[in-house]
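Summary of structural features
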Amino acid sequence: MILKVKNVYKIQGKVKAPSSKSYSHRAVILASLAKGESKLYNVLLSEDVKSTINACESLGAKIINKKDHIQIIGTGGKLHNTSKDFIDLGNSGTSLRLLTSIAGLSDNTVQFSGDDSLLTRPMNPLLNALDDLGVKTESINDNGKAPIKVYPGYIGGKTSIPGNISSQFISSILISAPLSKDGVCLSVLPEFVSKPYVNMTIDIMEKFGVKIEEFEVNKHEDCDKTVKSCSINKFQIPSSYYHGINYQVEGDYSSASYLLAACAICGGEITIGNLFKDSKQGDKYILNILAKMGCKIESNDDSVTIQSNGELKGVEVNLSNAPDLILTVAALGCLASGDTLITGVKHGRLKETDRIATSCMELKKLGVKLVEFEDGMLIHGGVNDGIVESHMDHRLAMAFTLIGLKHNITIKDGEVFNVSYPNFLTSMGEIGVELELK
C-alpha cells in the first residue's frame, strides 16, 4: 500500500504516546515466566508484541486479553512447548532473541522461525553463549540464523558475549538466567552498545522480583585493544524466580520521536503524555537532539512539551545507545540547514533492514547529498519530492512521512508501521497531520 501525507494543519494539541514496544515484550515474557497472576496495563498490541504473546502461550502461559488489561497466568518457570511445528515469530527480532534463551527452560524441544527478514538476523553470539550454559541449540540451515531449534537443559554457569552486536542477546540471557539450575555469571565484552536497553531489562526484572548484581572489571585478558574502553561489564544472576505483579507499560520514546519531529519540522506546539522523565529508555535522547536543533523542550514527570518555529539546524550525534533514532534524525537532517552527522550505529545495519544502507539508498532517490560510513552517515540539508520504498521496515516508513510534511513523498509498502505503531495514522491526525494510506 502507498502512504502519503495528505494535509498538514496547524501543529498543536495533546496526544498520548504509544506504549513502549520494548517494555511490552519484556512484561509479557516475565509475566509468562512468573509464579501466579499478572495484570499488564497499556501493553502495545503491535504485530511484534503479538508474536511474543503467541509464543508465550505456546510455551505454557495462559494469556487473556481483558477490556483494560492483559491477564497472564504464569508458568512459574516450568515451560512445555505445545506447538508441534515451528513457532512463527513473524518479523520480530526482539521476540526471536529474547525467547531463544527462554526456550532452553522448556522440558521439550522448541523451534522458532519467521518471515524472510527475520531469517537474516545474526544469532551465533547468543547461541554460542548459551552453549556454555548447557543449552544446546541448532541453526537448522547451519548459518547461525533462524530457523532455530532449542533443546531442553539450562544448567547455568559462566559465559561471555560481545556487546557490540545486539543488546537483545544480553537481555535474553539476563531474563532467562534466574530460572537456570545454578544461576549465571555473564561477562559482556567491549564495546557495549545500546546499554540503555539492558538497563530497561534490569529495571523490569527487579519489578518482577529478581535483582541482578552488576559490576565492571577494568582489565581483562579478553580485551580488544581496538576499542576505546577495555572495561568488562559483568552480571551475576543467582537462581531465583519471578512473581506475578500488576504492571503498567510506559510510553515509547522511539515511536514518540515521529510526533516530536513532526512538530519540530512544521513548527507549533504539542504535548505528548505517557512519556516519563525518569525513563530508562535510550531513545529519550531525542529530546536532547531536538533541543540542539533549535526546539524548546519541557520535560515533566509524565509528559513532554515541544515548541518549534520550524527552523532547524544540523547536528552531530552519536546514536550508539539509541540506534532506533537513526531514521528520525536522518529525516530531520534532510530538512535542517547545514550538515547532520550521525555516528556510532554500525549495529543499525543488523535491524529489520540494514538501516544505514537502505536509508541512504532511498534518500539519494530524493536528491539528498550524503556520505555513507560504516557506522553512520553525513547528510547535507536539502531534499526533493519523489517516490521511496519502506523495504518493509516500519521505521523507514514512518521516517519518510516526516519528509512528506514539506515535500511530495510517496512511500511504497507504507502500511508496515503496524509492526510497532498501529495507531500511527490516528496519533499524527491528533496533532494536525492527515496521512493517506491506499
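So, here is what we can say about the structure in this document. Just so you know, the residues in each chain are numbered from 1, in the order the chain's sequence is written. For a predicted model such as this one, the threshold for reporting local features is a pLDDT of at least 70, and the threshold for listing and counting side-chain atom pairs is 80 or more; totals across whole chains, interfaces and linings nevertheless cover every residue. Remark: hydrogens and water are excluded; side-chain values derive from all non-hydrogen atoms of the structure.

Examining the overall build of the protein chain
The following threshold applies: Here a helix means four or more residues in a row that DSSP labels H or I, a strand means two or more in a row labelled E, and each is numbered from the N terminus. In this treatment the radius of gyration is a C-alpha quantity, and the globule benchmark scales as 2.2 Å times the residue count to the 0.38 power. Each residue is assigned to one of three classes by its accessible area relative to the maximum for its type, calculated with a 1.4 Å probe on protein chains only: buried under 20%, partly exposed between the two thresholds, exposed over 50%. In what follows, a contact means two residues having at least one pair of non-hydrogen atoms within 4.5 Å. Per-residue accessibility takes into account occlusion by the displayed protein chains alone, with areas from the Shrake-Rupley method and a 1.4 Å probe. When charges are counted, Lys and Arg contribute as positive and Asp and Glu as negative, whereas His and the chain ends are disregarded. Positions of charges follow a simple convention, taking NZ of Lys, CZ of Arg, CG of Asp or CD of Glu.
When its secondary structure is counted, the protein chain shows 12 helices and 24 strands. For 438 residues, the compact-globule estimate of 2.2 N^0.38 gives 22 Å, and the protein chain sits close to it at 21 Å. Summarising its shape, the C-alpha atoms of the protein chain cover approximately 60 × 55 × 40 Å along the three principal directions. Taken over 438 residues, the protein chain has a buried fraction of 59%. Counting contacts in the protein chain only where the partners sit at least 6 residues apart, residues at least 24 apart contribute 73% of the total. Summing over all exposed atoms, the protein chain offers an accessible surface of approximately 16,800 Å²; the carbon and sulfur share of this is 45%. Across the protein chain, the centroid of the 46 positively charged side chains sits 3 Å from that of the 50 negatively charged ones.

Quick word on the sheet that holds strand 9 (residues 148-150)
Hydrogen bonds along the backbone pair up the strands of a sheet, which may run parallel or antiparallel. Let me state the cut-off plainly: Think of it this way: DSSP has to see at least two bridges between two strands before they count as a pair.
Strand order in the open sheet formed by 4 strands is 6-7-9-8, with mixed pairing between adjacent strands. Across the chains shown, the open sheet's two edge strands, defined by having one partner strand only, are strand 6 (87-88) and strand 8 (137-139). Examined bridge by bridge, strand 8 and strand 9 share 3 bridges and lie antiparallel to one another. If you follow E138 over to strand 9, its bridge partner there is K149.

Considering the sheet that holds strand 20 (residues 369-373)
Definition in use: Here an axis means a line fitted to C-alpha atoms, over the contact stretch when the element is a helix, while the angle between two N-to-C directions is reported on a 0 to 180 degree scale.
Within the open sheet, the 4 strands sit side by side as 18-19-21-20. Their pairing is mixed. The strands lining the two open edges of the sheet, one partner per strand, are strand 18 (316-318) and strand 20. Neighbouring strand axes in the sheet, compared pairwise and without regard to direction, differ in orientation by 10° on average. Note: strand 18 against strand 19 (residues 339-343), 3 bridges, orientation parallel. Bridged to E316 within strand 19 is L341.

Details of unusual backbone geometry
Here the bond from A146 into P147 is cis, since omega is 0°, no more than 30 degrees from zero. Note that P147 resides in the loop between strand 8 and strand 9. If you check the backbone angles, H391 has positive phi at about 55° while not being a glycine. In this structure, M392 takes a positive phi of about 60° despite not being glycine.

Thoughts on empty space enclosed by the protein
Basically, it comes down to this: Using a grid of 1 Å spacing that covers the protein atoms alone, one calls a set of points a cavity when a 1.4 Å probe fits there but cannot get out, and a pocket when the set is open and has protein on both sides within 12 Å along at least five of seven lines; lining residues are those with an atom within 4 Å of a point. Grid points are joined across faces, edges and corners, and a volume is the space filled by probe spheres set on the points. Classification used: nonpolar for Ala, Val, Leu, Ile, Met, Phe, Trp, Tyr, Cys and Pro, charged for Asp, Glu, Lys and Arg, polar for all others including Gly.
Enumeration according to the criterion identifies 3 cavities of 30 Å³ or more in this entry. For the largest cavity, the calculated volume is near 360 Å³. Together, 29 residues line the largest cavity, and T94, Q168, Y197, D324 and K351 are the ones closest to its centre. Looking at the lining of the largest cavity, the elements that each hand over two or more residues are helix 1 (21-33), helix 3 (93-103), helix 5 (167-176), helix 6 (195-207) and helix 11 (394-403). Sorting elements by how many residues they give to the lining of the largest cavity places helix 1 first, with 4 residues. Here the residues of the lining of the largest cavity sort into 4 nonpolar, 13 polar and 12 charged.

Topic: the environment of I29
Relative to the helices and strands, I29 is located in helix 1. Linking I29 and S95, residues 66 residues apart in sequence, is a C-alpha distance of 9.3 Å. Apart from residues no more than four positions distant in its own chain, I29 is found in contact with T52, C56, L98, L99, I102 and I175.

Here's the deal with the pattern of salt bridges
Using the following cut-off: One side-chain nitrogen of Lys or Arg within 4 Å of one carboxyl oxygen of Asp or Glu is enough to make a salt bridge.
Throughout the structure, instances matching the rule amount to 15 salt bridges. A salt bridge links D203 to K207, with the nearest nitrogen and oxygen atoms 2.8 Å apart. Taken together, the residues D203 and K207, both in helix 6 and 4 residues apart, mark about one turn of the helix. With relative accessibility at 14%, the residue D203 sits in the buried group. Given the relative accessible area of 41%, K207 is considered partly exposed. The residue E389 makes a salt bridge to K365 at a minimum N-O spacing of 3.7 Å.

What about the side chain of S166?
Formally: Polar contact is defined as a pair of N or O atoms within 3.5 Å, subject to the rule that within protein one atom must be able to donate a hydrogen and the other to accept it, and that residues adjacent in sequence are counted only when both atoms are side-chain atoms.
When you line up the elements, S166 lands in the loop between strand 10 (157-162) and helix 5. A polar atom in the side chain of S166 sits 3.2 Å from the side chain of R97.

Quick notes on helix 7 (residues 253-266)
Inclusion rule: Residue count minus one, scaled by 1.5 Å, sets the expected span of a helix.
Between its terminal C-alpha atoms helix 7 stretches 20 Å, which fits the 20 Å expected from 14 residues at 1.5 Å a residue. With respect to burial, helix 7 is a largely interior element, 13 of its 14 residues being buried.

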